[in-house]
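# Examination of the molecular architecture
Below, each chain spelled out in residue letters.
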Amino acid sequence: MVIGGGIGGLTTALALVSRGVDVTVYERAPELCEIGAGLGVWPAPQAVYDRLGIGDKVRGLAGPWKTAGLRRSDGTYIVRIPIEDLRARLGGATIGVHRGELQALLLRSLPDGTVHTGKELVGLTQDGSSVTVSFADGTSTAACAVVGADGLRSRTRELLFGPRRLRRCRMAAWRGTASPGDDDWGDFAGETWGPTGRFGILPIAGRVTWYAAARRFSNSGGKHELLRRFGDWHHPIPDLIAATEPGQIWCDQVYDIAPLRHWSKGRVTLLGDAAHAMTPDLGQGACQAVLDAWALAEALATNDDVRGAFDAYERARKGRARIVAMVARATTNGAGEGRAAVAMRSALTQRVPLGAALSALSFVAKA
Ligand SMILES: Cc1cc2nc3c(=O)[nH]c(=O)nc-3n(C[C@H](O)[C@H](O)[C@H](O)COP(=O)(O)OP(=O)(O)OC[C@H]3O[C@@H](n4cnc5c(N)ncnc54)[C@H](O)[C@@H]3O)c2cc1C
């Protein structure tokens, strides 16, 4: 049984189904609809989707881009990386997909009836042979094992290990998606640094998804503030903000969690953000959840007992996910604001040889 129908939970279900395991997903939301914005999917999770037979369909959700890199708010490049260099070095390029479209694809790829919506986990008890979970609607059900893929504020994690404080990061993030219409929004995918924050662009099929980050947002946090911060930055940033419907702009304070000593207890384990919520700076949270899903399915298929499988899964994934989360947090904390801080960070970044930068990216891409 999987709790949570996000990217982590649905990919876990698909990986288990591909190994002939009977699985049910219980999701709190009344329906899985297209919410959220874009996600960068790195080569390693793409390889997982290849193994699950849907790699080309996932890449079909992506948008075209030719140049990646980091820019200044006037559009000049701090680092410019042609897509061919990324492909040669990383064995593929990060693609941009819409979270809701990826979720819908995963849902379509699962047998009918796998996902039950409107089911909010509220309780969990286990003995040596099974786990019983109860839901907010008063129903309950049992399974031989449970995977908690219920995100940053995981109830499964709380029921297993007690309440855990979320770490408030010095970052607020906006996300949105817009259509270029007849405009030319270029072929760039990457991030722009300026004194009032950072702005990322990632093309997806037929649209462009974007994110913005700043130390904090004002009470409104909406389009008005975005235009105030980024309205005079390079093309197409002001157009992207202007073309995004206000209802399609998500604005959140960013949190992560301190590393957990264990992800599993008895016949219950955690996966994705529930196990290792990280800051979004490397664009790795969902990617790591996909890698967890594959490792967990493999461990369950190759171990006779559930506890042995969960041990093997933790050994395969915990160290790597911890390093990625640590680097993401350090990146977030190092992203100072203000003219001097940004100029210094840009100058330091520019001094890193491209080969070294690509090696670092390659570590993350294969993580
Ligand atoms: C600004 C921003 C940008 C990001 N960009 C990227 C990126 O480019 N690439 C990337 O890989 N990652 C990115 N991430 C991170 C990514 O969004 C998360 O890491 C990822 O969504 C985690 O997936 P998950 O399935 O573990 O959890 P979630 O997506 O949070 O899914 C959890 C699911 O569980 C359900 N649920 C919760 N509680 C219960 C309950 N009690 N009972 C039943 N169901 C429940 C929820 O409704 C939800 O559907 C970004 C994050 C942010 C904030």
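Residues numbered from 1 in each chain as written. Predicted model: local features only at pLDDT ≥ 70, side-chain atom pairs only at ≥ 80, totals over all residues.

Looking now at the site of the ligand. Around the ligand lies a shell of 35 residues, among which Gly4, Gly6, Gly151, Gly272 and Gly285 are the nearest. Of all elements in the fold, only α1 (7-18), β3 (38-41), β12 (167-178), α9 (273-276) and α10 (285-302) reach the threshold of two or more residues within the shell around the ligand. Top element by residues in the shell around the ligand is α10. It accounts for four residues. Tallied by class, residues from the shell around the ligand come to 16 nonpolar, eleven polar and eight charged. Residue assignment places the shell around the ligand across two domains, with domain 1 (1-30 + 117-166 + 257-334) and domain 2 (38-99 + 167-256 + 336-367) each supplying three or more. (Near = placed C-beta within 6 Å. Helix = DSSP H or I, 4+ residues; strand = E, 2+ residues; numbered from the N terminus. Nonpolar A, V, L, I, M, F, W, Y, C, P; charged D, E, K, R; others polar. Domains from an automatic or database assignment.)

On to the pairing of strand β9 (residues 131-135), then. Regular strands have side chains that alternate between both faces of the sheet. In this structure, strand β8 (residues 121-126) lies alongside β9, joined through five bridges in antiparallel fashion. When the sheet's bridge partners are listed, Gln126 is paired in β9 with Val131. The antiparallel pairing of β8 with β9 creates a hairpin that spans four residues between the two strands. Bridge count for β9 against strand β10 (residues 140-143) is four bridges, and the pairing is antiparallel. Across the sheet, the residue bridging to Val133 is Thr141, located in β10. Hairpin connection between β9 and β10: a loop of four residues separates the two successive antiparallel strands, and Gly138 in this loop has a positive phi of roughly 90°. (Pairing = 2+ DSSP bridges.)

The strands making up a sheet associate through hydrogen bonds between their backbones, and the pairing can be parallel or antiparallel. Taking strand neighbours across the sheet as the criterion, the three strands line up as β8-β9-β10 in an open arrangement whose pairing is antiparallel. Single-partner strands in this sheet number two, and they are β8 and β10. When the angles between neighbouring strand axes are averaged without regard to direction, this sheet yields 20°. (Axes fitted to C-alpha atoms, helices over the stretch in contact; angles between N-to-C directions.)

This brings us to the domain arrangement of the chain. Considered domain by domain, the chain is made up of domain 1 (1-30 + 117-166 + 257-334) and domain 2 (38-99 + 167-256 + 336-367). Taken together, the contact pairs 27 residues of domain 1 with 20 residues of domain 2. At the level of secondary structure, the elements contributing two or more residues to the side of domain 1 that touches domain 2 comprise α1, α10 and α11 (306-334). Tallying contributions element by element places α11 first for the side of domain 1 that touches domain 2, with six residues. (Contact = placed C-beta atoms within 7 Å.)

In this section: the nonpolar core. Judged by nonpolar contacts, the single largest core of 90 residues is most densely connected at Ala212, Leu271, Val290 and Leu296. Counting only domains with at least three residues in this core, you end up with domain 1 (1-30 + 117-166 + 257-334) and domain 2 (38-99 + 167-256 + 336-367). Residues Met278, Leu282, Ala321 and Ala325 belong to the second largest nonpolar core, which totals eight residues. (Core = buried A, V, L, I, M, F, W, Y, C linked by C-beta atoms within 7 Å. Buried ≥ 20, exposed ≤ 12 C-beta atoms within 10 Å, placed from the backbone.)

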